[in-house]
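Topology and contacts: notes
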Amino acid sequence: MSSTWARAALQHCAFHGLPAIALADLTVELAPQWEAAREDRLLACRGRDRRRAAGAGRRPKVVFLDALLITLAYLRTGVTQDLLAVLFDVDQATISRAVRTIRPLISARGYATGNDGPRLRTLADVLAYAQATGFDLCLDATDIIVRRPQAARPGRKAFVSGSKRRNTIKGTVVSDQAGRLLWAGALRPGRMHDQTAIKTEGIDDLLDHFPGVRIWADQGYRGLANKHPGQVITKLDLLPDTADKDLQDLIVDLRKLHCQQRIPIEQVIGRMKNWTSLTRWHGHRATLPETFIAVATLVSDLTATR
(Lines give C-alpha, C1' and ligand atoms only; values in the text may rest on other atoms or scores of the structure.)
Protein backbone atom coordinates (compact mmCIF):
# COMPACT_ATOMS: atom_id res chain seq x y z
CA MET A 1 0.00 0.00 0.00
CA SER A 2 1.24 3.49 -0.85
CA SER A 3 2.84 5.20 2.12
CA THR A 4 1.52 8.52 0.79
CA TRP A 5 -2.04 7.23 0.99
CA ALA A 6 -1.31 5.83 4.46
CA ARG A 7 -0.06 9.22 5.65
CA ALA A 8 -3.17 10.95 4.34
CA ALA A 9 -5.50 8.38 5.90
CA LEU A 10 -3.73 8.49 9.27
CA GLN A 11 -3.63 12.26 9.30
CA HIS A 12 -7.40 12.30 8.80
CA CYS A 13 -7.91 9.73 11.58
CA ALA A 14 -5.54 11.41 14.00
CA PHE A 15 -6.74 14.97 13.51
CA HIS A 16 -10.41 14.49 12.64
CA GLY A 17 -12.29 16.81 14.99
CA LEU A 18 -9.02 18.28 16.33
CA PRO A 19 -8.50 21.47 14.33
CA ALA A 20 -6.53 23.18 17.11
CA ILE A 21 -3.76 20.61 17.04
CA ALA A 22 -1.44 21.49 14.15
CA LEU A 23 0.83 18.77 12.85
CA ALA A 24 3.43 21.39 11.97
CA ASP A 25 3.54 22.67 15.56
CA LEU A 26 4.00 19.19 17.00
CA THR A 27 6.65 18.42 14.40
CA VAL A 28 8.66 21.53 15.22
CA GLU A 29 8.39 20.86 18.95
CA LEU A 30 9.12 17.13 19.02
CA ALA A 31 11.46 16.56 16.06
CA PRO A 32 14.65 17.78 17.83
CA GLN A 33 13.82 15.71 20.92
CA TRP A 34 13.16 12.61 18.80
CA GLU A 35 16.44 13.05 16.93
CA ALA A 36 18.39 13.54 20.18
CA ALA A 37 16.81 10.42 21.71
CA ARG A 38 17.63 8.44 18.56
CA GLU A 39 21.26 9.53 18.67
CA ASP A 40 21.45 8.54 22.34
CA ARG A 41 20.12 5.07 21.52
CA LEU A 42 22.60 4.65 18.67
CA LEU A 43 25.45 5.81 20.90
CA ALA A 44 24.46 3.27 23.55
CA CYS A 45 24.43 0.52 20.93
CA ARG A 46 27.81 1.51 19.45
CA GLY A 47 29.49 2.20 22.74
CA ARG A 48 31.62 4.89 21.07
CA ASP A 49 31.32 8.12 19.11
CA ARG A 50 30.39 8.26 15.44
CA ARG A 51 33.00 7.42 12.80
CA ARG A 52 30.82 8.63 9.95
CA ALA A 53 28.79 11.78 9.50
CA ALA A 54 25.20 11.93 10.71
CA GLY A 55 22.81 10.50 8.12
CA ALA A 56 25.13 7.76 6.90
CA GLY A 57 24.22 4.11 7.22
CA ARG A 58 20.89 2.31 6.97
CA ARG A 59 17.87 4.53 6.58
CA PRO A 60 15.12 4.19 9.23
CA LYS A 61 12.04 2.27 8.10
CA VAL A 62 9.76 4.89 9.69
CA VAL A 63 10.83 8.54 9.67
CA PHE A 64 9.82 10.98 12.39
CA LEU A 65 6.74 12.40 10.64
CA ASP A 66 5.38 8.91 9.98
CA ALA A 67 6.09 7.86 13.57
CA LEU A 68 4.18 10.90 14.84
CA LEU A 69 1.18 10.16 12.64
CA ILE A 70 1.23 6.50 13.65
CA THR A 71 1.28 7.37 17.35
CA LEU A 72 -1.51 9.94 17.10
CA ALA A 73 -3.73 7.58 15.10
CA TYR A 74 -2.99 4.77 17.56
CA LEU A 75 -4.02 6.96 20.51
CA ARG A 76 -6.97 8.59 18.81
CA THR A 77 -8.67 5.61 17.14
CA GLY A 78 -7.30 2.58 18.98
CA VAL A 79 -6.44 0.96 15.66
CA THR A 80 -4.29 -2.13 16.06
CA GLN A 81 -0.57 -2.04 15.42
CA ASP A 82 -0.94 -4.91 12.94
CA LEU A 83 -3.17 -2.77 10.72
CA LEU A 84 -0.75 0.14 10.94
CA ALA A 85 2.03 -2.23 9.93
CA VAL A 86 0.07 -3.23 6.82
CA LEU A 87 -0.54 0.43 5.91
CA PHE A 88 3.18 1.25 6.06
CA ASP A 89 4.42 -2.11 4.80
CA VAL A 90 6.57 -2.76 7.86
CA ASP A 91 6.59 -5.24 10.73
CA GLN A 92 4.39 -4.83 13.80
CA ALA A 93 7.56 -4.49 15.89
CA THR A 94 8.50 -1.39 13.87
CA ILE A 95 5.12 0.20 14.66
CA SER A 96 5.50 -0.67 18.33
CA ARG A 97 8.95 0.90 18.39
CA ALA A 98 7.61 4.07 16.74
CA VAL A 99 4.88 4.40 19.37
CA ARG A 100 7.35 3.74 22.20
CA THR A 101 9.63 6.51 21.00
CA ILE A 102 6.98 9.19 20.33
CA ARG A 103 4.56 8.61 23.21
CA PRO A 104 7.05 9.59 25.98
CA LEU A 105 7.86 12.83 24.14
CA ILE A 106 4.17 13.76 23.97
CA SER A 107 3.52 12.88 27.62
CA ALA A 108 6.45 15.03 28.76
CA ARG A 109 5.13 18.21 27.10
CA GLY A 110 3.09 19.38 30.09
CA TYR A 111 -0.38 20.96 30.11
CA ALA A 112 -1.16 24.16 28.23
CA THR A 113 -2.66 27.19 29.97
CA GLY A 114 -2.98 29.41 26.92
CA ASN A 115 -1.15 30.63 23.86
CA ASP A 116 1.54 32.44 25.85
CA GLY A 117 1.02 30.86 29.27
CA PRO A 118 3.35 28.43 31.04
CA ARG A 119 2.98 24.68 30.68
CA LEU A 120 2.15 22.89 33.94
CA ARG A 121 3.64 19.51 34.79
CA THR A 122 2.83 18.72 38.42
CA LEU A 123 -0.13 19.10 40.74
CA ALA A 124 1.86 21.65 42.72
CA ASP A 125 2.25 23.73 39.54
CA VAL A 126 -1.52 23.64 39.04
CA LEU A 127 -2.35 24.86 42.56
CA ALA A 128 0.31 27.55 42.37
CA TYR A 129 -1.07 28.70 39.02
CA ALA A 130 -4.64 28.72 40.37
CA GLN A 131 -3.67 30.79 43.40
CA ALA A 132 -1.71 33.25 41.26
CA THR A 133 -4.49 33.72 38.69
CA GLY A 134 -7.52 33.39 40.99
CA PHE A 135 -9.14 30.64 38.91
CA ASP A 136 -11.30 28.04 40.65
CA LEU A 137 -10.42 24.41 39.91
CA CYS A 138 -12.59 21.37 39.22
CA LEU A 139 -11.56 17.86 40.28
CA ASP A 140 -12.90 14.46 39.25
CA ALA A 141 -11.80 10.91 38.48
CA THR A 142 -12.53 8.63 35.53
CA ASP A 143 -12.24 4.87 35.04
CA ILE A 144 -10.55 3.21 32.06
CA ILE A 145 -11.47 -0.40 31.31
CA VAL A 146 -8.43 -2.70 31.16
CA ARG A 147 -7.84 -6.39 30.66
CA ARG A 148 -8.45 -8.63 33.65
CA PRO A 149 -5.21 -9.75 35.34
CA GLN A 150 -4.32 -13.43 35.11
CA ALA A 151 -5.90 -15.85 37.55
CA ALA A 152 -4.14 -16.36 40.88
CA ARG A 153 -2.05 -13.21 40.38
CA PRO A 154 -1.60 -11.26 43.64
CA GLY A 155 -3.66 -8.08 43.77
CA ARG A 156 -5.99 -9.21 41.01
CA LYS A 157 -9.12 -7.99 42.81
CA ALA A 158 -7.65 -4.51 43.26
CA PHE A 159 -8.58 -3.63 39.66
CA VAL A 160 -12.31 -4.38 40.07
CA SER A 161 -14.18 -1.09 40.24
CA GLY A 162 -17.10 -1.03 42.65
CA SER A 163 -19.08 1.39 40.46
CA LYS A 164 -18.22 -0.02 37.01
CA ARG A 165 -18.19 -3.70 38.01
CA ARG A 166 -15.33 -4.06 35.56
CA ASN A 167 -11.54 -4.26 35.72
CA THR A 168 -10.44 -0.65 35.51
CA ILE A 169 -7.65 1.78 36.26
CA LYS A 170 -8.69 5.11 37.77
CA GLY A 171 -7.22 8.42 36.67
CA THR A 172 -7.72 11.89 38.17
CA VAL A 173 -8.26 15.05 36.10
CA VAL A 174 -8.09 18.72 37.10
CA SER A 175 -9.46 21.63 35.06
CA ASP A 176 -10.30 25.26 35.69
CA GLN A 177 -13.64 27.04 35.33
CA ALA A 178 -12.75 28.02 31.76
CA GLY A 179 -12.70 24.35 30.80
CA ARG A 180 -8.93 24.09 30.35
CA LEU A 181 -7.36 20.77 31.26
CA LEU A 182 -4.52 21.60 33.65
CA TRP A 183 -3.41 18.23 35.02
CA ALA A 184 -4.10 14.50 34.75
CA GLY A 185 -2.50 11.67 36.65
CA ALA A 186 -2.74 9.69 39.89
CA LEU A 187 -3.50 6.47 38.03
CA ARG A 188 -4.42 3.78 40.55
CA PRO A 189 -6.25 0.42 40.47
CA GLY A 190 -10.00 0.80 39.97
CA ARG A 191 -10.92 -0.45 43.42
CA MET A 192 -9.20 2.51 45.08
CA HIS A 193 -11.51 5.35 46.11
CA ASP A 194 -11.33 8.61 44.15
CA GLN A 195 -10.31 10.56 47.24
CA THR A 196 -7.63 8.07 48.23
CA ALA A 197 -6.14 8.21 44.73
CA ILE A 198 -5.67 11.98 44.78
CA LYS A 199 -4.41 11.90 48.37
CA THR A 200 -1.49 9.75 47.22
CA GLU A 201 -0.37 12.78 45.20
CA GLY A 202 -0.04 14.85 48.39
CA ILE A 203 -3.03 17.12 47.84
CA ASP A 204 -3.52 17.61 51.60
CA ASP A 205 -0.13 19.28 52.00
CA LEU A 206 -0.62 21.26 48.79
CA LEU A 207 -3.94 22.67 49.97
CA ASP A 208 -2.31 23.72 53.23
CA HIS A 209 0.48 25.38 51.26
CA PHE A 210 -1.91 27.19 48.88
CA PRO A 211 -4.81 28.39 51.09
CA GLY A 212 -6.24 30.63 48.36
CA VAL A 213 -7.13 27.72 46.06
CA ARG A 214 -10.77 26.65 45.72
CA ILE A 215 -11.72 23.28 44.20
CA TRP A 216 -15.19 22.12 43.13
CA ALA A 217 -15.58 18.35 43.53
CA ASP A 218 -18.32 15.73 43.77
CA GLN A 219 -19.44 13.99 46.95
CA GLY A 220 -16.68 11.40 46.64
CA TYR A 221 -14.30 14.04 48.03
CA ARG A 222 -16.30 14.92 51.16
CA GLY A 223 -13.38 13.91 53.36
CA LEU A 224 -11.20 16.56 51.73
CA ALA A 225 -14.03 19.08 52.06
CA ASN A 226 -14.32 18.38 55.79
CA LYS A 227 -10.57 18.71 56.28
CA HIS A 228 -10.21 21.80 54.10
CA PRO A 229 -13.48 23.76 54.48
CA GLY A 230 -13.84 26.59 52.02
CA GLN A 231 -11.13 25.15 49.77
CA VAL A 232 -12.76 21.90 48.61
CA ILE A 233 -16.47 22.40 47.91
CA THR A 234 -18.79 19.41 47.55
CA LYS A 235 -22.54 19.16 47.04
CA LEU A 236 -24.70 19.73 50.11
CA ASP A 237 -26.95 16.92 51.33
CA LEU A 238 -30.70 17.27 50.92
CA LEU A 239 -32.67 18.15 54.05
CA PRO A 240 -35.43 15.89 55.41
CA ASP A 241 -39.02 16.62 54.46
CA THR A 242 -39.69 17.92 57.98
CA ALA A 243 -37.23 20.82 57.51
CA ASP A 244 -38.29 24.35 56.69
CA LYS A 245 -39.56 24.65 53.10
CA ASP A 246 -37.58 27.81 52.33
CA LEU A 247 -34.39 26.16 53.62
CA GLN A 248 -35.07 23.10 51.48
CA ASP A 249 -35.45 25.28 48.39
CA LEU A 250 -32.20 27.09 49.24
CA ILE A 251 -30.33 23.78 49.50
CA VAL A 252 -31.77 22.66 46.14
CA ASP A 253 -30.62 25.90 44.49
CA LEU A 254 -27.13 25.51 45.99
CA ARG A 255 -26.94 21.95 44.72
CA LYS A 256 -27.87 23.15 41.22
CA LEU A 257 -25.20 25.84 41.43
CA HIS A 258 -22.64 23.24 42.43
CA CYS A 259 -23.56 21.08 39.42
CA GLN A 260 -23.17 24.09 37.13
CA GLN A 261 -19.70 24.82 38.52
CA ARG A 262 -18.63 21.24 37.76
CA ILE A 263 -19.73 21.26 34.11
CA PRO A 264 -16.20 22.12 32.81
CA ILE A 265 -14.56 19.01 34.31
CA GLU A 266 -17.27 16.75 32.89
CA GLN A 267 -16.74 18.27 29.45
CA VAL A 268 -12.97 17.84 29.70
CA ILE A 269 -13.29 14.18 30.66
CA GLY A 270 -15.73 13.71 27.79
CA ARG A 271 -13.15 15.12 25.39
CA MET A 272 -10.54 12.74 26.72
CA LYS A 273 -12.89 9.79 26.28
CA ASN A 274 -13.25 10.72 22.59
CA TRP A 275 -9.81 9.14 22.27
CA THR A 276 -10.55 5.45 21.90
CA SER A 277 -7.43 4.39 23.79
CA LEU A 278 -8.95 5.85 26.99
CA THR A 279 -12.34 4.22 26.50
CA ARG A 280 -10.94 0.71 26.76
CA TRP A 281 -7.21 -0.05 26.97
CA HIS A 282 -6.18 -3.28 25.25
CA GLY A 283 -2.44 -2.93 25.82
CA HIS A 284 -0.30 -3.71 28.84
CA ARG A 285 -1.48 -1.98 32.01
CA ALA A 286 2.06 -0.74 32.64
CA THR A 287 1.88 1.48 29.53
CA LEU A 288 -1.51 3.03 30.35
CA PRO A 289 -0.21 5.86 32.62
CA GLU A 290 2.03 7.18 29.86
CA THR A 291 -0.82 6.88 27.34
CA PHE A 292 -3.25 8.63 29.69
CA ILE A 293 -0.89 11.56 30.22
CA ALA A 294 -0.01 11.79 26.51
CA VAL A 295 -3.67 12.07 25.54
CA ALA A 296 -4.26 14.58 28.34
CA THR A 297 -1.48 16.87 27.07
CA LEU A 298 -2.98 16.83 23.58
CA VAL A 299 -6.47 17.56 24.91
CA SER A 300 -5.04 20.39 27.01
CA ASP A 301 -3.82 22.03 23.80
CA LEU A 302 -7.39 21.89 22.48
CA THR A 303 -9.01 23.29 25.62
CA ALA A 304 -6.40 26.06 25.97
CA THR A 305 -7.00 27.47 22.48
CA ARG A 306 -10.78 27.24 22.15
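The model shown is predicted, which means the values in this text are computed figures rather than measured ones.

Calculation criteria
Residues numbered from 1 in each chain as written. Predicted model: local features only at pLDDT ≥ 70, side-chain atom pairs only at ≥ 80, totals over all residues. Heavy atoms only, no water. Helix = DSSP H or I, 4+ residues; strand = E, 2+ residues; numbered from the N terminus. Buried < 20%, exposed > 50% of the residue type's maximum accessible area, 1.4 Å probe, protein only. Contact = heavy atoms within 4.5 Å. Areas by Shrake-Rupley, 256 points an atom, 1.4 Å probe, with all protein chains shown as cover. Lys, Arg positive; Asp, Glu negative; His and termini not counted. Charge placed at Lys NZ, Arg CZ, Asp CG, Glu CD. Pairing = 2+ DSSP bridges. Axes fitted to C-alpha atoms, helices over the stretch in contact; angles between N-to-C directions. Arc of directions from axis to C-beta. Patch = residues over 30% accessible without salt bridge, like charges linked within 9 Å, V, L, I, M, F, W, Y side chains within 5 Å. Salt bridge = Lys/Arg side-chain N within 4 Å of Asp/Glu carboxyl O. Core = buried A, V, L, I, M, F, W, Y, C linked by side-chain atoms within 4.5 Å. Polar contact = N/O pair within 3.5 Å; in protein donor to acceptor, adjacent residues only side chain to side chain. Parallel < 35°, antiparallel > 145°, perpendicular 65-115°, else oblique. Left-handed = near helix turned anticlockwise from the far one by under 90°. Nonpolar A, V, L, I, M, F, W, Y, C, P; charged D, E, K, R; others polar. Phe/Tyr/Trp six-rings, centres within 6.5 Å; stacked < 30°, edge-to-face > 60°. Expected span 1.5 Å × (residues − 1).

Further remarks concern the overall build of the protein chain. When you go through the protein chain residue by residue, the secondary structure sums to 12 helices and five strands. The buried share among the 306 residues of the protein chain stands at 44%. Of the contacts made within the protein chain by residues no fewer than 6 positions apart, 66% connect residues no fewer than 24 positions apart. Of the accessible surface of the protein chain, which amounts to about 15800 Å², a share of 53% is contributed by carbon and sulfur atoms. Of the side chains in the protein chain, 44 bear a positive and 31 a negative charge, and the two mean positions are spaced by 10 Å.

As summarised here, the arrangement of the five strands in space is S3-S2-S1-S4-S5, forming an open sheet in which the pairing is mixed. Because the sheet does not close on itself, it has two edges, and the strands there are strand S3 (181-189) and strand S5 (232-233). For strand S2 (residues 168-176) and S3, the ladder comprises six bridges, and the chain directions are antiparallel. Residue Lys170 lies in a different strand from S3, and its bridge partner there is Arg188. In the packing of helix H6 (residues 123-133) onto the sheet, the strands contacted are strand S1 (137-145), S2 and S3, and the crossing angle to S3 comes to about 145°. Each of S1, S2 and S3 is contacted by helix H11 (residues 263-273), which is oriented at about 30° to S1, the strand it contacts most.

Let's shift gears to H11. Residues of H11 that are buried include every one of Pro264, Ile265, Val268, Ile269 and Met272, and no others. Axial view of H11: buried residues confined to an arc of 130°, hence all on one face.

A cluster of basic side chains, namely Arg41, Arg58, Lys61, Arg97 and Arg100, defines a positive patch on the protein surface. Mapping Arg58 onto the fold places it in the loop between helix H2 (23-46) and helix H3 (64-77). Judged by relative accessible area, Arg58 falls into the exposed class, the value being 68%.

This brings us to the nonpolar core. Counting 73 residues, the largest nonpolar core has Leu137, Val173 and Leu181 as its most contacted members. Among all residues touching Val173, those that are not within four sequence positions of it are Cys138, Leu139, Asp140, Leu181, Trp183, Ala184, Ile265, Val268, Ile269, Met272 and Phe292.

What follows covers the pattern of salt bridges. Applying the stated criterion to the full structure yields 14 salt bridges. For Glu266, the salt bridge identified is with Arg262, shortest N-O distance 3.1 Å. A network of salt bridges, in which partner residues are shared, links Glu29, Arg109, Arg119 and Asp301.

Time to look at the side chain of Asp136. With respect to the helices and strands, the residue Asp136 is situated in the loop between H6 and S1. Judged by relative accessible area, Asp136 falls into the buried class, the value being 14%. A polar contact of 2.8 Å, which involves the side chain of Asp136, links it to the side chain of Arg214. Engagement of the side chain of Asp136 in a polar contact is seen with the side chain of Trp216, the distance being 3.2 Å. Once residues lying within four places of it in the same chain are set aside, the contact partners of Asp136 are Ser175, Asp176, Gln177, Arg214 and Trp216.

Next up on the list: the packing of helix H5 (residues 92-107) against helix H12 (residues 288-305). Running from amino to carboxyl end, H5 crosses H12 at an angle of 55°, the nearest separation of the two axes being 8 Å. In terms of axis orientation, H5 runs oblique to H12. Seen from above, H5 lies across H12 with left-handed handedness. Along the contact surface, H5 presents Arg103, Pro104, Ile106 and Ser107, while H12 presents Glu290, Thr291, Ile293, Ala294, Thr297 and Leu298. Its residues placed into classes, the contact of H5 with H12 shows five nonpolar, three polar and two charged.

This paragraph deals with the packing of aromatic side chains. Applying the stated criterion across every chain yields a total of two aromatic pairs. Ring geometry for Trp34 versus Phe64: centroids 5.5 Å apart, planes at 50°, classification tilted. Here the residue Trp34 occupies a position in helix H2, and Phe64 occupies one in helix H3, the gap between them amounting to 30 residues. When sorted by exposure, Trp34 lands in the same class as Phe64, which is buried.

Below, the discussion takes up the environment of Leu123. Among the secondary structure elements, Leu123 is positioned in helix H6. Through-space distance from the C-alpha of Leu123 to that of Tyr221 is 17 Å; in sequence the pair is 98 residues apart. Leave out the neighbours within four places in its chain, and Leu123 touches Val174, Trp183, Ile198, Glu201, Ile203 and Leu206.

Moving on to H3. For H3, built from 14 residues, the straight-helix expectation of 20 Å at 1.5 Å per residue is met to within 8% by its first-to-last C-alpha distance of 20 Å. Counting buried residues along H3, 12 of its 14 residues qualify, which places the element largely inside the surrounding structure. Directly after H3, the chain includes Gly78, whose backbone phi takes a positive value near 70°.

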